[in-house]
Amino acid sequence: MAPLAPARPDHRRGHGRLLGRLPRTLTRQFAEQLGVPPARWLLERRLAATRALLEDTDLPVETIATRVGLSSAVNLRRRFHTALRTTPAAYRRSFR
């Protein structure tokens, strides 16, 4: 599985320029097409990748955080718990 791009605060500005659109226009059009803002869409992809790695590997959470493009294991745990109401360790145990 290829790592997802790391979070960068200026990502929309650069992508908007590449596509010839202002960042707000790009964000609005993205949300209109996919039903969620780009940041939420990317977080959902990162969490899906996290779940797959927890289910299929014994990689440490720190390594998984890096692979899915989150800044730290602490950030991964916080976002995982917010989204799924469980910890990565408990989630992994349910697949063993």
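Here, every reference points to the structure presented above.
So, a few notes on the structure that sits alongside this text. (Residues numbered from 1 in each chain as written. Predicted model: local features only at pLDDT ≥ 70, side-chain atom pairs only at ≥ 80, totals over all residues. Heavy atoms only, no water.)

## Observations regarding the overall build of the chain
Thinking step 1. The number of helices and strands found in the chain is six helices and zero strands.
Thinking step 2. Shown N-terminal to C-terminal, the secondary structure of the chain runs as helices and strands in the order α-α-α-α-α-α.
Thinking step 3. Sorting the 96 residues of the chain into buried and exposed places 26% on the buried side.
Thinking step 4. Carbon and sulfur atoms make up 56% of the accessible area of the chain, which totals about 6600 Å². (Helix = DSSP H or I, 4+ residues; strand = E, 2+ residues; numbered from the N terminus. Buried < 20%, exposed > 50% of the residue type's maximum accessible area, 1.4 Å probe, protein only. Areas by Shrake-Rupley, 256 points an atom, 1.4 Å probe, with all protein chains shown as cover.)

## Describing the environment of Ser94
Thinking step 1. Structurally, Ser94 can be placed in the segment after α6 (88-93).
Thinking step 2. We classify Ser94 as exposed; its relative accessible area is 54%.
Thinking step 3. Here the alpha-carbon distance between Ser94 and Leu54, two residues 40 residues apart in the chain, equals 10.0 Å.

## With respect to the nonpolar core
Thinking step 1. Ranked by internal contacts, the top residues of the largest apolar core, which has 14 residues, are Leu53, Leu54, Ile64, Val68, Leu76 and Phe80.
Thinking step 2. Where this core is concerned, the elements lending two or more residues are α3 (38-56), α4 (61-68) and α5 (73-84).
Thinking step 3. What Ile64 contacts, discounting residues up to four positions off in sequence, is Thr50, Leu53, Leu54, Leu59, Leu76 and Arg92. (Core = buried A, V, L, I, M, F, W, Y, C linked by side-chain atoms within 4.5 Å. Contact = heavy atoms within 4.5 Å.)

## Observations regarding the packing of aromatic side chains
Thinking step 1. Tallied over the entire structure, the rule returns three aromatic pairs.
Thinking step 2. Each ring, one from Phe80 and one from Tyr91, has its centre 5.4 Å from the other, and the planes form 80°; the classification is edge-to-face. Residue Phe80 is located in helix α5, and its partner Tyr91 is located in helix α6; the two are separated by 11 residues in the primary sequence. Residue Phe80 shares its accessibility class with Tyr91, and that shared class is buried.
Thinking step 3. Centroid distance Tyr91 to Phe95: 5.0 Å. Interplanar angle 45°. Geometry classified as tilted.
Thinking step 4. Tyr91 gets classed as buried once you look at its relative accessible area, which sits at 13%.
Thinking step 5. Members of the aromatic cluster, each reached through a chain of ring pairs, are Phe80, Tyr91 and Phe95. (Phe/Tyr/Trp six-rings, centres within 6.5 Å; stacked < 30°, edge-to-face > 60°.)

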